[in-house]
Amino acid sequence: MTVIKINAITVPKEAGDELAHRFAKRAGAVDGQEGFEGFELLKPTDEREQWLVVTRWRDEESFQAWLNSPAFGHGHRSESERSGGEAPKPVSSHSELWNYEVADLAQD
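Throughout, a residue's number is its position along its own chain's written sequence, starting from 1. Only residues with pLDDT of at least 70 get local features here, since the model is predicted, and only at 80 or more are side-chain atom pairs given and counted; chain-wide, interface and lining totals rely on the full set of residues. Only hydrogens and water are set aside; all other atoms, that is, all heavy atoms of the structure, feed into the side-chain values.

**Student:** Looking at this structure, how should I read the packing of aromatic side chains?
**Tutor:** One pair of aromatic rings is described through two measures. These are the centre distance and the angle between the planes. Two rings belonging to Phe, Tyr or Trp (six-membered ring only in the last case) form a pair when the distance between their centres is within 6.5 Å. Interplanar angles under 30 degrees mark stacking, angles over 60 mark edge-to-face geometry, and anything in between is tilted. Counted by the stated rule, this structure contains five aromatic pairs. Arranged with centres 6.0 Å apart and planes meeting at 25°, the rings of Phe-23 and Phe-39 form a pair that is stacked. Here Phe-23 is found in helix H1 (residues 16-25), whereas its partner Phe-39 is found in strand E2 (residues 36-42), with 16 residues between them in sequence. Of the residues examined, Phe-39 reaches a relative accessible area of 39% and is grouped as partly exposed. Numbering goes from the N terminus for both helices and strands, where a helix is a DSSP run of H or I of at least four residues and a strand is a run of E of at least two. The classification of residues rests on relative accessible area computed with a 1.4 Å probe and restricted to protein chains. Under 20% of the type maximum is buried, over 50% is exposed, and intermediate values are partly exposed.

**Student:** Which parts of the structure should I look at to understand H1?
**Tutor:** For the α-helix, the turn length of 3.6 residues means that residues three or four positions removed from each other point alike. Of all the residues in H1, the buried ones are Gly-16, Leu-19 and Phe-23. For H1, the buried positions fall inside an angular range of 60° around the axis, keeping them on one side. Exposed residues on H1 whose side chains face more than 90 degrees from its buried face are Asp-17, Ala-24 and Lys-25. Residues are treated as being in contact if the distance between any of their heavy atoms lies within 4.5 Å. Close packing links the buried residues of H1 with strand E1 (3-10), E2 and strand E3 (50-57). By arc we mean the arc of the directions from the helix axis to the C-beta atoms, nothing more.

**Student:** What's the story with the environment of Val-102 in this structure? I'm lost.
**Tutor:** Summarising the element assignment, Val-102 is placed in the segment after strand E4 (94-101). Classification of Val-102 as partly exposed rests on a relative accessible area of 40%. For the pair Val-102 and Val-3, spaced 99 residues apart in sequence, the C-alpha separation works out to 6.9 Å. Setting aside anything within four residues of it in sequence, one finds Val-102 in contact with Met-1, Thr-2, Ile-4 and Arg-56.

**Student:** What am I meant to see in the sheet that holds E4 here?
**Tutor:** Across a sheet, paired strands are connected by hydrogen bonds in the backbone, their directions being either parallel or antiparallel. Two strands pair if DSSP finds at least two bridges between them. Taken in spatial order, the four strands make up an open sheet running E2-E3-E1-E4, and their pairing is antiparallel. Both outer strands of the open sheet, E2 and E4, are each paired with one neighbouring strand and no more. The mean inter-strand angle of the sheet, taken between neighbouring strand axes irrespective of direction, is 15°. Both E2 and E3 contribute to a ladder of six bridges, which runs antiparallel. Only the stretch in contact is used when fitting a helix axis, every axis being a line fitted to C-alpha atoms; angles between N-to-C directions are given from 0 to 180 degrees.

**Student:** What should I look at first to understand the nonpolar core in this one?
**Tutor:** Inside soluble globular proteins, nonpolar side chains tend to come together where they are buried. Counting eight residues, the largest nonpolar core is built from Ile-9, Val-11, Ala-15, Leu-19, Phe-23, Trp-51, Val-53 and Val-91. Counting only elements with at least two residues in this core, the list comes to H1 and E3. Residue contacts for Val-91: discarding those within four places in its chain leaves Thr-10, Val-11, Pro-12, Ala-15, Glu-18, Leu-19 and Arg-22. Throughout, nonpolar core names a set of buried Ala, Val, Leu, Ile, Met, Phe, Trp, Tyr and Cys residues whose side chains join them through atoms within 4.5 Å. Ranked by size, the runner-up nonpolar core spans six residues in total, among them Val-3, Phe-36, Trp-57 and Trp-66.

Have a look at this one:
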């Protein structure tokens, strides 16, 4: 069953463009991971400061395999860090991972 992982990231309004820019630089990094089904970065359109990183996975095992893979660590390092430089200042003040699955609406 497809599982959905949502990383709710609190980002001050003035830092939202930088967050989007950083994700754009990593676009496609997870695409080849076994069991990966999709990615969306959701930008708030109201007064909220929570951006949502929504990923879909074939199953929990696929997500955990990616989470524990070298690709995860590499993908979460900045371009500067990957070339031996310093990490940029974080743009978020908080994040939390939400876990969902698609509800079975089949009627008996």
